[in-house]
Amino acid sequence: MMLQRISTFAVWFSFQDMVTRFPRFDFVFSKSSSLLYLRARGLPTSSFFTSQAAASLQSVGDPATYRGDDEYADLSWDDLGYGLVPTDYIYMMKCSDNEKFSPGELSRFGRIELSPASGILNHVQGLFEGLKAYRKEDGRVLLFHPEQNAMRTKMGAERMCMTSPSIEQFVDAVKQMALANQCWVPPSGKGSLYIRPLLMGSGAMLGLAPAPEYTFVIYASPVGNYFKEGLAPINLLVEDEYHRATPGGTGGVKSISNYAPVLKAQTRAKSNGFSDVLFLDSVTKKHLEEVASCNVFV
């Protein structure tokens, strides 16, 4: 069987459509040969099967337009914190209301243009996601189930009366971002590339109604640990005055409007030496819900 060349990039991804068609196989990019393989689950790592299905995947673009596989951005990876470090590329696509998103494209990181009457600026009609690309010791770059983020975006878009990209469009866009910005993925054990997709009502409007146009944009930043304590335990202040979510609200989706209201409580907690805020339920104030910046498991 002829081997199908995909890309000169060394990366492994979970493609929802291929996983559906080949449920008993994992999909692996080989760094040494730059080829996509199918590996039957349960077999040793050295057992691979080449696949004609590789031809159905499209190269992200001319590899010459991006930096080489082994070249890293000029950063002090040992001092990487959790602040914005703009990478080379962003991804963007648009759609009109009640239509499907048209194919998007990569462009250099920079400002985007919005009408002052856009739905996101006036009515906070927007969602965001967050996921990470990690580099393994062998140089491969991994994404952890991006299709799950895509499905959560679709659920949130329905709640916020927005048009969302398909799961395939979402995953492909994230893949393109990881490939185009792979020199910004930290070395193994030094951090990760945080990838943030944004879905927003970009169409202009005056009255309260769903926006007439939507924009899906992704940017990325290399990051270290979110908390200054690293992997050590953190100190949380139990908040009994302000609430993170209420019954019937939007706490169950990643609406952009969910986050600014926690800043008051979070600022107060940090000024008193705490790492973050642990919110209680808004009805009985007896049950733990979540931390301002992350989930909590007990």
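Not measured: the values here are computed from a predicted model.

About the criteria used
- Residues numbered from 1 in each chain as written.
- Predicted model: local features only at pLDDT ≥ 70, side-chain atom pairs only at ≥ 80, totals over all residues.
- Heavy atoms only, no water.
- Helix = DSSP H or I, 4+ residues; strand = E, 2+ residues; numbered from the N terminus.
- Contact = heavy atoms within 4.5 Å.
- Areas by Shrake-Rupley, 256 points an atom, 1.4 Å probe, with all protein chains shown as cover.
- Pairing = 2+ DSSP bridges.
- Axes fitted to C-alpha atoms, helices over the stretch in contact; angles between N-to-C directions.
- Core = buried A, V, L, I, M, F, W, Y, C linked by side-chain atoms within 4.5 Å.
- Buried < 20%, exposed > 50% of the residue type's maximum accessible area, 1.4 Å probe, protein only.
- Polar contact = N/O pair within 3.5 Å; in protein donor to acceptor, adjacent residues only side chain to side chain.
- pLDDT = per-residue confidence, 0-100.
- Phe/Tyr/Trp six-rings, centres within 6.5 Å; stacked < 30°, edge-to-face > 60°.
- Lys NZ or Arg CZ within 6 Å of the ring centre and 35° of its normal.
- Expected span 1.5 Å × (residues − 1).

Peer 1: Hey, could you run me through the overall build of the protein chain in this one?
Peer 2: The number of helices and strands found in the protein chain is 5 helices and 14 strands. Taking the contacts inside the protein chain whose residues are at least 6 apart along the sequence as the reference set, 65% of them involve residues at least 24 apart. Accessible area of the protein chain: about 16,000 Å², with a carbon and sulfur share of 54%.

Peer 1: Sorry, what's going on with the sheet that holds strand β12 (residues 236-239) here?
Peer 2: Neighbouring strands of a sheet are bound in pairs by backbone hydrogen bonds; such pairs are parallel or else antiparallel. The sheet built from 3 strands is open, its strands ordered β12-β13-β14 with mixed pairing. In this open sheet, the two strands that pair with only one neighbour each are β12 and β14 (288-291). Each strand axis lies, on average, 30° off the axis of its neighbour in the sheet, ignoring direction. As defined by bridge partners, β12 adjoins strand β13 (residues 276-280) across 4 bridges and the pair is classed as parallel. Looking at the pairing, leucine 237 lines up with valine 277 of β13. Across the sheet, helix α5 (residues 263-271) lies against β12 and β13, angled at about 130° from β13, the strand it touches most.

Peer 1: I keep staring at the nonpolar core and nothing clicks. Help me out?
Peer 2: Inside soluble globular proteins, nonpolar side chains tend to come together where they are buried. By size, the foremost hydrophobic cluster in this structure holds 39 residues, and its most contacted members are Ile195, Leu199, Phe216 and Ile218. Where this core is concerned, the elements lending two or more residues are β5 (89-96), β8 (131-135), β9 (141-143), α3 (146-159), α4 (167-180), β10 (192-201) and β11 (213-223). Sequence-distant contacts of isoleucine 218, defined by excluding residues within four places in its chain, comprise Ile90, Tyr91, Ala173, Val174, Met177, Ile195, Arg196 and Pro197. Grouped together as the second largest cluster of nonpolar side chains are 8 residues, Ile120, Phe128, Tyr194 and Val217 included.

Peer 1: Explanation requested: the environment of tyrosine 89 in the structure shown.
Peer 2: One can find tyrosine 89 in strand β5. Spatially, the C-alpha atoms of tyrosine 89 and alanine 220 are 8.1 Å apart, while their sequence positions differ by 131 residues. Here arginine 108 takes part through its side chain, which lies 3.5 Å from a polar atom of the side chain of tyrosine 89.

Peer 1: Help me understand the confidence of the model for the protein chain in this model?
Peer 2: Do not read the predicted coordinates in detail wherever pLDDT is low. Put simply, the protein chain has an average pLDDT of 80, and 76% of its residues get 70 or more. Element-level pLDDT for the protein chain is lowest in strand β4 (residues 49-50), with a mean of 30, against a maximum mean of 98 in β10. Counted against residues more than four places away or in other chains, residues 1-69, with its pLDDT under 50, gives 131 contacts.

Peer 1: Just to check I follow, could you spell out the packing of aromatic side chains for this structure?
Peer 2: In this description, an aromatic ring pair is defined by two values, namely the gap between the centres and the angle between the planes. All chains considered together, the criterion is met by 5 aromatic pairs. On the numbers, 6.1 Å between centres and 70° between planes, the contact of tyrosine 72 with tryptophan 77 is edge-to-face. Since its relative accessible area comes to 35%, tyrosine 72 is described here as partly exposed. Judged by relative accessible area, tryptophan 77 falls into the buried class, the value being 12%. Relative to tyrosine 259, the ring of phenylalanine 128 has its centre 4.9 Å away and its plane inclined at 45°; by these criteria the two rings are tilted. Here tyrosine 259 lies in the loop between β12 and α5 and phenylalanine 128 lies in strand β7 (residues 126-128), a separation of 131 residues in the sequence. Every member of this aromatic cluster is reached through a ring pair, and the members are Tyr82, Tyr194 and Tyr226. The lysine or arginine in question, arginine 196, covers the ring of phenylalanine 128, its NZ or CZ lying 4.2 Å from the ring centre.

Peer 1: What exactly am I supposed to notice about the environment of valine 171 here?
Peer 2: Take valine 171: it is sitting in helix α4. Between the C-alpha atoms of valine 171 and glutamate 147, which are 24 residues apart in sequence, the distance is 6.0 Å.

Peer 1: Before we go on, may I ask you to explain α4 in this structure?
Peer 2: In an α-helix, one turn spans 3.6 residues, which is why side chains three or four residues apart end up on the same side. For α4, built from 14 residues, the straight-helix expectation of 20 Å at 1.5 Å per residue is met to within 8% by its first-to-last C-alpha distance of 20 Å. Of all 14 residues making up α4, 11 are buried, and the element is well covered by its neighbours. Those residues of α4 that fall on the buried side of the exposure criterion are Ile167, Phe170, Val171, Ala173, Val174, Lys175, Gln176, Met177, Ala178, Leu179 and Ala180.

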